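So the chains spell out like this:
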Amino acid sequence: MENILQILINVIKSRVMGLYTMIQLWTTPSYIRTKVTTVVRKFFTQTLSIKPRDKKDYYATRKWLISKRLVYFVVLAIGVISAFYLLVINPVISFGHVAGVREYYYNAIPLRFVNGTVKIKAKSGYIAYEGNVSKGAVTGKGTLYSINGDTVYIGNFEANKFEGEGKAYYPANILKYNGSFSNNLYEGEGVLYRENGSMEYNGAFSKGKKDGMGILFNNGSNQVYKGLFSQDELVYTDLLGKSTAEIGEVYTGTTTFYMGDNNQFVASLKDIDAVYQGDSSDTNIEDEIMVDIIYVSHNYITLGGKRVSSVSDLIEYFGTPSYQGYTKLKLAEQIVIKDMIEKGDATFDPVSMTITQSNTNDVFNVSGYSRDKTVYLYTFLKDGVEYQFFCPEKRGDFGFYGVATY
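Worth saying up front: this structure is predicted, and the values here are computed from it rather than measured.

Basis of the calculations
- Residues numbered from 1 in each chain as written.
- Predicted model: local features only at pLDDT ≥ 70, side-chain atom pairs only at ≥ 80, totals over all residues.
- Heavy atoms only, no water.
- Helix = DSSP H or I, 4+ residues; strand = E, 2+ residues; numbered from the N terminus.
- Buried < 20%, exposed > 50% of the residue type's maximum accessible area, 1.4 Å probe, protein only.
- Contact = heavy atoms within 4.5 Å.
- Areas by Shrake-Rupley, 256 points an atom, 1.4 Å probe, with all protein chains shown as cover.
- Salt bridge = Lys/Arg side-chain N within 4 Å of Asp/Glu carboxyl O.
- pLDDT = per-residue confidence, 0-100.
- Expected span 1.5 Å × (residues − 1).
- Core = buried A, V, L, I, M, F, W, Y, C linked by side-chain atoms within 4.5 Å.
- Phe/Tyr/Trp six-rings, centres within 6.5 Å; stacked < 30°, edge-to-face > 60°.
- Lys NZ or Arg CZ within 6 Å of the ring centre and 35° of its normal.
- Patch = residues over 30% accessible without salt bridge, like charges linked within 9 Å, V, L, I, M, F, W, Y side chains within 5 Å.
- Pairing = 2+ DSSP bridges.
- Arc of directions from axis to C-beta.

A short note on the overall build of the protein chain
Link 1 in the chain: A count of helical and extended segments in the protein chain gives 6 helices and 27 strands.
Link 2 in the chain: Within the protein chain, the fraction of its 406 residues that count as buried is 36%.
Link 3 in the chain: If you take every contact in the protein chain between residues at least 6 apart in sequence, the share linking residues at least 24 apart comes to 30%.
Link 4 in the chain: Approximately 24,100 Å² of the protein chain is accessible, and the part contributed by carbon and sulfur atoms is 55%.

Shown next, in the form of structure tokens:
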């Protein structure tokens, strides 16, 4: 009895497994593709292989007779190609409908007629945008995503561009900017953050750059400077003519003082890459030391809305230099080079100084330095300001610059 039962089970199993295998085969994409391709190929082959036998099988066009079967074939071919384009290359329908939110590929034709909340897929299939659209254009509130699923931007859009209030992000959803946008760029008031999360700047922007009144912060989000910015740079000329006390009101970052001979002193404003020199014997009637020159340890300067670093560009902007030639470096200028080298900038050769610390942590006495060290200097005069550009050699690029009153 057991043998008969086992035989019956095996027979049923073989029948079922055979049917299961056939169903599995029929439903595989490769089998379906093969079958469809075979049917289409057979249809077109048979259509084209049948020769017209009667005048009724032609369309008469002036002196020409055109096979009706050929016309049918062309029309059918156009239909197949169009369907392939609309369904595969440029999908016309959504294949997703999650939680009531319609999904479209970025180039889907129906998307051009949609208003409301949608999800938009990029070419590779990931969700690139979720939010409001108007007639196919991203307009209103929404969120833009990267291919990794990180948030790129969240806020207001207008005609596929960042417009109005929004937030931009670094990778891994780290906040980069929170404020106003126009035409995809920072515009108006906003707050800029570093990638480590610390606040970098709070103030006015124009065309994506710091421009106008603003506050600068160090890596610990502590305020170090409050003043005017232009094209992402501090307007260093605003510090000219100020007393040391007035500079202390706008700059609150780390300052190191160097005391030289003949009543000279140098202040290094490390958080804004600037150095100024003063003379305690040169005071006004209120005994305040006035600042008449600021050195900036940048190898570039923004002039006329353009970042400039070469001497040839300087001459193009300013014209003929009022002076050019080798010059001996003053104490303040050597302090600039010292600060640059400490930051890893080897544009200039190291300077030799004898420095001792005073009783105050941030004050140092300079008892000796090389008074014969020279660099090549270009000086230009414009709008009441003297611009000095210090170069390691004639022509080429400059290493740092100074601005002074004249």
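Digging into the pattern of salt bridges
Link 1 in the chain: Enumeration according to the criterion identifies 9 salt bridges in this entry.
Link 2 in the chain: Between Lys210 and Glu200 there is a salt bridge, with its nearest N and O atoms 3.3 Å apart. Of the two residues, Lys210 sits in strand 13 (residues 209-217) while Glu200 sits in strand 12 (residues 199-206), which places them 10 residues apart along the sequence. Neither Lys210 nor Glu200 differs from the other in exposure class; each is buried.
Link 3 in the chain: Its salt-bridge partner being Arg307, residue Glu233 comes within 4.0 Å of it at the nearest N-O pair. One end of the pair, Glu233, is in strand 15 (residues 233-234); the other, Arg307, is in strand 21 (residues 306-308), and 74 residues separate them in sequence.
Link 4 in the chain: Exposure remark for Arg307: the relative accessible area of 48% places this residue in the partly exposed category.

Considerations on the confidence of the model for the protein chain
Link 1 in the chain: Summarising the model, the protein chain shows a mean pLDDT of 86, and 79% of its residues fall at 70 or more.
Link 2 in the chain: Throughout residues 92-98 the model reports pLDDT below 50, and contacts reaching past four residues in sequence, or to other chains, amount to 12 contacts.

Section: helix 6 (residues 331-342)
Side chains three or four residues apart in an α-helix point the same way, a direct result of the helix having 3.6 residues per turn.
Link 1 in the chain: With 12 residues, helix 6 ought to run about 16 Å at 1.5 Å a step, and its terminal C-alpha atoms sit 17 Å apart, in line with that.
Link 2 in the chain: Most of helix 6 is tucked away: 10 of the 12 residues are buried.
Link 3 in the chain: Along helix 6, the residues that are buried comprise Leu331, Ala332, Glu333, Gln334, Ile335, Val336, Ile337, Lys338, Asp339 and Met340.
Link 4 in the chain: Following helix 6 by one or two positions, Gly344 has its phi on the positive side, about 95 degrees.

Brief notes about the nonpolar core
Link 1 in the chain: If you look at the biggest cluster of nonpolar residues, it comprises 56 residues, and the most contacted ones within it are Tyr225, Tyr236, Ile272, Ile294, Ile301, Leu314 and Phe389.
Link 2 in the chain: If one sorts the elements of this core by residue count, strand 26 (residues 385-391) sits on top with 4 residues.

Some words on unusual backbone geometry
Link 1 in the chain: At Asn183, a position not held by glycine, the phi torsion is positive, near 55 degrees.
Link 2 in the chain: Mapped onto the elements, Asn183 comes out in the loop between strand 10 (174-182) and strand 11 (185-193).
Link 3 in the chain: We classify Asn183 as partly exposed; its relative accessible area is 42%.
Link 4 in the chain: Unusually for a residue other than glycine, Asp232 sits at a positive phi of about 75 degrees.
Link 5 in the chain: For Asp232, a relative accessible area of 29% corresponds to the partly exposed category.

Focus on the packing of aromatic side chains
Link 1 in the chain: Overall, the coordinates contain 31 aromatic pairs when judged by the stated rule.
Link 2 in the chain: Cation over ring: Lys210 sits above Tyr201, and NZ or CZ is 5.9 Å from the ring centre.

Regarding a nonpolar patch on the surface
Link 1 in the chain: On the surface, a nonpolar cluster with roughly 600 Å² of combined accessible area is contributed by Tyr59, Trp64, Ile66, Leu70, Val74 and Ile78.
Link 2 in the chain: Only strand 2 (64-67) and helix 3 (68-89) provide two or more residues apiece to the nonpolar patch.
Link 3 in the chain: It is helix 3 that contributes the most residues to the nonpolar patch, 3 residues altogether.
Link 4 in the chain: By secondary structure assignment, the location of Tyr59 is in strand 1 (residues 58-61).
Link 5 in the chain: The partly exposed category is assigned to Tyr59, whose relative accessible area is 34%.

A look at the pairing of strand 17 (residues 264-269)
Link 1 in the chain: A large share of strand 17 lies buried, amounting to 5 of its 6 residues.
Link 2 in the chain: If you look at the hairpin formed by strand 16 (residues 255-259) and strand 17, you'll find 4 residues sitting between the two strands, and Asn262 has a positive phi there, around 55 degrees.

Here's the deal with helix 5 (residues 311-318)
Link 1 in the chain: Val311, Leu314 and Phe318 are the residues of helix 5 that are buried. Within helix 5, the buried residues cover an arc of 55 degrees as seen down the axis, which keeps them to one side.
Link 2 in the chain: Of the residues trailing helix 5, Gly319 is marked for its positive phi of about 100 degrees.

Side note on the side chain of Ser297
Link 1 in the chain: Examined against the element boundaries, Ser297 turns out to sit in the loop between strand 19 (293-296) and strand 20 (301-303).
Link 2 in the chain: Every residue in contact with Ser297, bar those within four places of it in the chain, is listed here: Asp273, Val336, Met340 and Phe400.

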